[in-house]
Amino acid sequence: MKWIKKLLGIKSPLEKKQSELAKLQTMGFEAQRRGDLRTAGECYHAAEMLETEIVEMVKKINEDG
């Protein structure tokens, strides 16, 4: 069943957040390389907040089942 979801591009909420986290981290890295430290800081801060949400979701999933 997982391969069908992957084939169709269907993601769980956790996978969506992980994808968004990777995107924010990449944006922050690229901004830092350009010398735009303000944007890099904003991206890294947003990534940190999203990472906290992901950790909470994983904890909840592990507690439930």
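Here, every reference points to the structure presented above.
This report concerns the structure included in the present document. Computed from a predicted structure; not experimentally measured.

## Overview of the overall build of the protein chain
Stage number 1. Counting secondary structure elements, the protein chain contains three helices and zero strands.
Stage number 2. For the protein chain, the α and β elements follow one another from N to C terminus as α-α-α.
Stage number 3. Relative to the compact-globule value of 11 Å for 65 residues, the protein chain shows a C-alpha radius of gyration of 15 Å, a clear excess of over 25%.
Stage number 4. Each of the three principal axes of the protein chain carries a C-alpha extent, and together these read 45 × 30 × 10 Å.
Stage number 5. In the protein chain, which comprises 65 residues, the proportion classed as buried is 15%.
Stage number 6. The long-range fraction of contacts in the protein chain, counting pairs at least 24 apart against all pairs at least 6 apart in sequence, stands at 52%.
Stage number 7. For the protein chain, the distance from the average position of its 12 positive side-chain charges to the average position of its 11 negative side-chain charges is 7 Å.

## What to know about helix α2 (residues 13-34)
Stage number 1. Between its first and last C-alpha atoms α2 spans 32 Å; for 22 residues at 1.5 Å apiece the expected length is 32 Å, and the two agree.
Stage number 2. Buried residues of α2: Leu-14, Leu-21, Leu-24, Gly-28 and Ala-31, and no others. The buried residues of α2 occupy an angular sector of 110 degrees when the element is viewed end-on, so they sit on one face. In α2, the exposed residues that point more than 90 degrees away from the buried face are Lys-16, Arg-33 and Arg-34.

What counts as what
- Every chain's residues receive numbers from 1 upward, in the order its sequence appears when written.
- Where local features are concerned, this predicted model is filtered to residues with pLDDT of at least 70; where side-chain atom pairs are given and counted, the filter is 80 or more; whole-chain, interface and lining totals use all residues.
- Side-chain measures here rest on the full set of heavy atoms in the structure, leaving out hydrogens and waters.
- Helix and strand definitions follow DSSP, with helices as H or I runs of at least four residues and strands as E runs of at least two, each counted in order from the N terminus.
- The quantity called the radius of gyration is restricted to C-alpha atoms. Its globule counterpart is 2.2 Å times the number of residues to the power 0.38.
- We call a residue buried when its accessible area falls under 20% of the maximum for its residue type, exposed when it is over 50%, and partly exposed in between, using a 1.4 Å probe and counting protein chains only.
- Here, two residues are considered to be in contact whenever any of their heavy atoms come within 4.5 Å of each other.
- Two residue types count as positive, namely Lys and Arg, and two as negative, namely Asp and Glu; His and chain ends fall outside the count.
- Lys charges are placed at NZ, Arg charges at CZ, Asp charges at CG and Glu charges at CD.
- What a helix is expected to span follows from its residue count: subtract one and scale by 1.5 Å.
- Note: the arc covers the axis-to-C-beta directions of the helix.

Shape descriptors only; they carry no functional weight alone.
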